[in-house]
Amino acid sequence: MNRKVATAEKPLPKAKESKAEALDYLRQIYEIRFFEEKVYALLREGTIKGASHLYAGQEAVAVGSIAVITEDDVIASTHRGHGHCGAMGVKHAKTEKDRQTHWNKMMAELMGKATGYCKGRGGSMHIADVQKGNLGSTGIVGGNIPIGTGAALAEKIKESGAVVLCYFGDGASNTGSFHESLNMGAALLCGLPIVYICENNLYGMSVPFHNKSVECAGRASAIERISERAAAYGMPGITIDGMDVFAVKEAVTEAVERARNGDGPTLIEAETYRWFGHSSSDQRIYRTREEEKEWKERDPITVLRKKLLGWEMATEAELGAIEKKALDTIEAATQFAIDSPYPLVSELMDDVYVP
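This text gives an overview of the structure that appears in the document. (Residues numbered from 1 in each chain as written. Predicted model: local features only at pLDDT ≥ 70, side-chain atom pairs only at ≥ 80, totals over all residues. Heavy atoms only, no water.)

1. Overview of a nonpolar patch on the surface
(1) Moving on: Together, Leu348, Met349, Val352 and Tyr353 make up a nonpolar patch on the protein surface, roughly 470 Å² of accessible area in all.
(2) Moving on: Within the secondary structure layout, Met349 lies in the segment after helix 10 (316–339). (Patch = residues over 30% accessible without salt bridge, like charges linked within 9 Å, V, L, I, M, F, W, Y side chains within 5 Å. Areas by Shrake-Rupley, 256 points an atom, 1.4 Å probe, with all protein chains shown as cover. Salt bridge = Lys/Arg side-chain N within 4 Å of Asp/Glu carboxyl O. Helix = DSSP H or I, 4+ residues; strand = E, 2+ residues; numbered from the N terminus.)

2. Considerations on the side chain of Thr329
(1) Moving on: By the element assignment, Thr329 lies in helix 10.
(2) Moving on: Ignoring anything within four residues of it in the chain, the contact list for Thr329 reads Arg27, Glu31, Gln100 and Trp103. (Contact = heavy atoms within 4.5 Å.)

3. With respect to the sheet that holds strand 1 (residues 74–76)
(1) Moving on: Sheet architecture is open: 5 strands sit in the order 1-2-3-7-6, paired in parallel fashion. What marks the edges here is a single partner per strand, and that holds for strand 1 and strand 6 (237–241). When the angles between neighbouring strand axes are averaged without regard to direction, this sheet yields 20 degrees.
(2) Moving on: Sheet topology places strand 6 next to strand 7 (residues 266–271); 5 bridges connect them, and they run parallel. Each residue of the ladder has a partner; that of Asp241, found in strand 7, is Glu271. (Pairing = 2+ DSSP bridges. Axes fitted to C-alpha atoms, helices over the stretch in contact; angles between N-to-C directions.)

4. Quick look at the packing of helix 1 (residues 19–45) against helix 3 (residues 82–92)
(1) Moving on: Direction vectors running N to C along helix 1 and helix 3 enclose 135 degrees, while the axes themselves pass 10 Å from each other. On the basis of the axis angle, helix 1 is oblique to helix 3. The handedness of the crossing between helix 1 and helix 3 is right-handed. Counted together, Asp24, Gln28, Glu31, Ile32, Phe35 and Glu36 of helix 1 and His82, Gly83, Ala87 and Val90 of helix 3 form the full contact between these two elements.
(2) Moving on: Split into classes, the residues belonging to the contact of helix 1 with helix 3 amount to 4 nonpolar, 3 polar and 3 charged. (Parallel < 35°, antiparallel > 145°, perpendicular 65-115°, else oblique. Left-handed = near helix turned anticlockwise from the far one by under 90°. Nonpolar A, V, L, I, M, F, W, Y, C, P; charged D, E, K, R; others polar.)

Following this line, the structure appears as structure tokens:
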């Protein structure tokens, strides 16, 4: 099942999505992008405290994969999880008001406000909405892979028919939890209903995974394709273009169908790229600006806009209106979060212990 990466220069056949669906993918990507750019600015001015790992550049993976699943399915996210939370919340939003409320709660959570998804207690790396299938992020590299695998085991035992999407980065594929979880996912009960999605943005923190543009940077792995590791656990592995929302959706659709039909897990390696550093303090000295420029020419927004225009599914005016709508949504969410109260000190121990 391994294949070469489908690139923007060699696009997949025309999408089967309706115009409304395709335009909403673009809107989601814009919403996630504007959210992350706003978070970056708020971090620099001190309105948002602590570490925050931004998802900008990788939006096509979250949007394309979560478009495939149903509201009964589950996701397990990572420390770079704003995109997953963003796309999952949009999936559950029934109205424009619901959608705005979702982004309000996300921004409030990052500001530590009482109106956030976790009442300000989770912050950037622990944002979750368990009632709607988002098991949340974790600050432990690879720490969510056993969680996702356990969730898939639970769904199989319950015979719910639900599938789990488990996201992680290239650095996590070198951890013991990755190998143990994939082995369990493939072996237990003839295979669990889970899709392992590695967002390979080429750098685990400041270390290139394999290829490098700065000679002295070192590397984390002797192999280039993480998808090759699937063979060790008897599951299909595939490498795709993570900058193309349609390429992501196609691959995840096939993997979700396998999982839902009882054929076990799939490992998908989505090649992508983060625009910002690993965290706000990262100066990105381990990669060249020439490399960054080459990847930004494959921006998920650029790729999707070109396809929508080329297929005559939208006009420049329509795309511009979507961009403005997304920006207005995030600006409103930011103001909501700024105006929201902090949790009361008297509630410090709430939700810590089971009554």
